[in-house]
Amino acid sequence: MKYYVIAGEASGDLHASHLMRALKEQDARAEFRFWGGDLMKGEGGEIVKHYKELAYMGFVPVLLHLPTILSNMKLCKKDIMQWSPDVLILVDYPGFNLNIAKYIHKNSDIPVYYYISPKIWAWKEYRIKNIKRDVNELFSILPFEVEFFRKHNYHIHYVGNPTLDEVTSFKSHYSETQEEFCKRNNLENKPIIALLAGSRKQEIKDNLPDMISAASAFADYQLVLAGAPGIQTSHYEQFIGGTPVKLVSGQTFPLLFHAKAALVTSGTATLETALFDTPQVVCYHTPLAKFIAFLKKHLLKVRFISLVNLIADKEIVRELVADTMTVDNMKAELKAITSNEAYRQNMLAGYQEVNDQLGGAGAPNHAARIMIELLSRKE
């Protein structure tokens, strides 16, 4: 079968590549055409656009690049129709992908599958109308989404969480000691505080300076920054120059494996950190902090922003967001997770609850199997 896949950022590239691999294992005739990244390219098929040409975040950057975004959407719609796949598989990235889904549903008989559903339970719940209209099958990786969509009379498939697969696979093959890891990366022989400042340039600009200020107060630790895929070293240097921070790119999992604690922006990274049993502080800076804090309190549909707390449905890790993200608050929480053993153990116990909620590994394989079964019925 012919699969057209769209992933618009680094995390989507990772998850989509694993789904493509699973589809190939279960469908010997699988052909791929896609918008994505290097990991997807490694699975074969033909890339139309790299996600680096798509990832714009925030009102102003989107506005400035609006002609490019609209041009990309036009190209994507035309390309899908010309290639005429057996299925269109959308991976997260709702701002772009829901627009594509609407067009394809309206103008063709190509079934639209969504892998890693849009997080409309947190914001823009009205998008459920578009999803019910334009998406034939939705594949969820977060267990609490099942009840949310059931409330809207929309059946979804919970397939497990691919992050659990990725961390489990890494742990089963990784044997490097901390001493070896530090030596290989020219690091000191000290406990590590990991800094995960986001995967987009704007996130890094907003979060990293305060993270460094807070973590620098812990002289007994070394500060190691996880370089995100697609972000050039030069972008980090403007923030870490003249600081004790060391940059380690493409090694987030080894870094989390060895870290004593972590400062992490919201997103998949919070779940990755939990699955490595690394105590963390969730930090997310926003412009107009007090105004955003008001919106969070009165407009957001959920109590938490981190996947760890959302899955557990209670506070496992401290979230410092908008007006509460201050250097002093980060210092206080870092002190708690590095020096208060009871506090650390309580967090680790919460991590185990999250792990249990996710179920077993195998999300890409489960999703691929269901997709192929559904498509086979249509043949």
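Reading the values: the criteria
Residues numbered from 1 in each chain as written. Predicted model: local features only at pLDDT ≥ 70, side-chain atom pairs only at ≥ 80, totals over all residues. Heavy atoms only, no water. Phe/Tyr/Trp six-rings, centres within 6.5 Å; stacked < 30°, edge-to-face > 60°. Helix = DSSP H or I, 4+ residues; strand = E, 2+ residues; numbered from the N terminus. Buried < 20%, exposed > 50% of the residue type's maximum accessible area, 1.4 Å probe, protein only. Lys NZ or Arg CZ within 6 Å of the ring centre and 35° of its normal. Contact = heavy atoms within 4.5 Å.

## Here we look at the packing of aromatic side chains
Overall, the coordinates contain 14 aromatic pairs when judged by the stated rule. Plain terms: the ring middles of Trp-35 and Phe-96 are 5.8 Å apart, the flat faces sit at 45° to each other, and that makes the pair tilted. On the criterion of sequence distance, the pair formed by Trp-35 in strand S2 (residues 31–36) and Phe-96 in helix H5 (residues 94–107) is long-range, its members being 61 residues apart. The exposure classification of Trp-35 matches that of Phe-96, with both residues buried. Between Tyr-113 and Phe-139 the ring centres are 5.7 Å apart and the planes differ by 50°, which places this aromatic pair in the tilted class. Of this pair, Tyr-113 sits in strand S5 (residues 112–115) while Phe-139 sits in strand S6 (residues 137–140), and the two are 26 residues apart along the sequence. Pair check on accessibility: Tyr-113 and Phe-139 agree, each one buried. Site record: aromatic cluster; members linked through ring pairs are Phe-170, Tyr-174, Phe-253, Phe-257 and Phe-276. One Lys or Arg, Lys-2, reaches over the ring of Trp-83 and ends 4.6 Å from the middle of that ring.

## Details of the environment of Leu-90
Looking at the secondary structure, you find Leu-90 in strand S4 (residues 87–91). By relative accessible area, Leu-90 is classed as buried at 0%. If sequence neighbours within four positions are ignored, Leu-90 has contacts with Ile-6, Asn-97, Ala-101, Val-112, Tyr-113, Tyr-114 and Tyr-115.

## Observations concerning helix H13 (residues 268–275)
Because each turn of an α-helix spans 3.6 residues, side chains separated by three or four positions in sequence point in the same direction. In terms of burial, H13 is largely enclosed, as 7 of its 8 residues are buried. Listing the buried residues of H13 in full gives Ala-269, Thr-270, Leu-271, Glu-272, Thr-273, Ala-274 and Leu-275. Looking at the residues trailing H13, positive phi occurs at Asp-277, about 60°.

## Here we look at unusual backbone geometry
Leaving glycine out, the prevailing phi sign among residues is negative, and the prevailing peptide bond configuration is trans. Of note, Asp-92 is a non-glycine position whose phi angle comes to about 50°, a positive value. Relative to the helices and strands, Asp-92 is located in the loop between S4 and H5. Its identity is not glycine, yet Asn-186 carries a phi of approximately 55°, on the positive side.

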